[in-house]
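This is what each chain is made of:
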Amino acid sequence: FMISKDKNKHVLSTGNYINTNAVEQIKTQLERVAQLDKNELIELYKQTLFKNEPNINGNAGIGIIEICKYSSEKIKFSFHKIDETLSFISLNVTI
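The following paragraphs examine the structure supplied in this document.

1. Focus: unusual backbone geometry
Then step 1. With phi around 60°, K7 is a residue other than glycine that occupies positive phi space.
Then step 2. Among the secondary structure elements, K7 is positioned in the loop between β1 (2–6) and β2 (9–19).
Then step 3. Of the residues examined, K7 reaches a relative accessible area of 73% and is grouped as exposed.

Pasting the structure below:
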């Protein structure tokens, strides 16, 4: 990851390799979370944290929701296909 300063804000940039088969599911989750306002994010955080069903993705959803709660702008993300089985996700968060 990398942290940079842009005027009076800080930008956290990170990336990771993921399975290409997971791209659409992760993209859908990120798009859903990115459109929520602060109050909706807090409510989703509570619902996700306290639901009795295990999340097949572990607690990664909680982490993204938490990041978005403190972001001063909408998260920005992109996917880059490396090959048939491997892709790279880039994520930028302004704080």
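Next, the rest of the story.
2. Section: the sheet that holds β2
Then step 1. Overall, antiparallel pairing links the four strands, which are arranged β1-β2-β4-β3 in an open sheet. With one partner strand each, in any of the chains shown, β1 and β3 (76–81) form the two edges of the open sheet. On average, adjacent strands in this sheet sit at an angle of 20° to one another, irrespective of strand direction.
Then step 2. Judged from the nine bridges that link them, β2 and strand β4 (residues 86–94) form a sheet pairing that is antiparallel. Counterpart to N16 in the pairing with β4 is I89.
Then step 3. Helix α1 (residues 23–34) contacts β2, β3 and β4 of the sheet and is inclined by roughly 170° relative to β3.

Reading guide: rules and limits
- Each chain has its residues counted from 1, running along the sequence as written.
- Residue-level local features of this predicted model are given only where pLDDT is at least 70; pairs of side-chain atoms are given and counted only at 80 or more, and the full residue set underlies all totals for whole chains, interfaces and linings.
- Note that the side-chain values use all heavy atoms of the structure and ignore hydrogens as well as water.
- For the purposes of this entry, the term helix denotes a DSSP run of H or I that reaches at least four residues, the term strand denotes a run of E that reaches at least two, and both are numbered from the N terminus.
- Relative accessibility thresholds used throughout: buried, under 20% of the residue-type maximum; exposed, over 50%; partly exposed, between the two (1.4 Å probe, protein chains only).
- When DSSP finds two or more bridges between two strands, those strands count as paired.
- Every axis corresponds to a line fitted to the C-alpha atoms, with the helix fit spanning only the stretch in contact, and the corresponding angles, defined between N-to-C directions, vary from 0 to 180 degrees.
- Here a residue-residue contact requires only that any non-hydrogen atoms of the pair lie within 4.5 Å.

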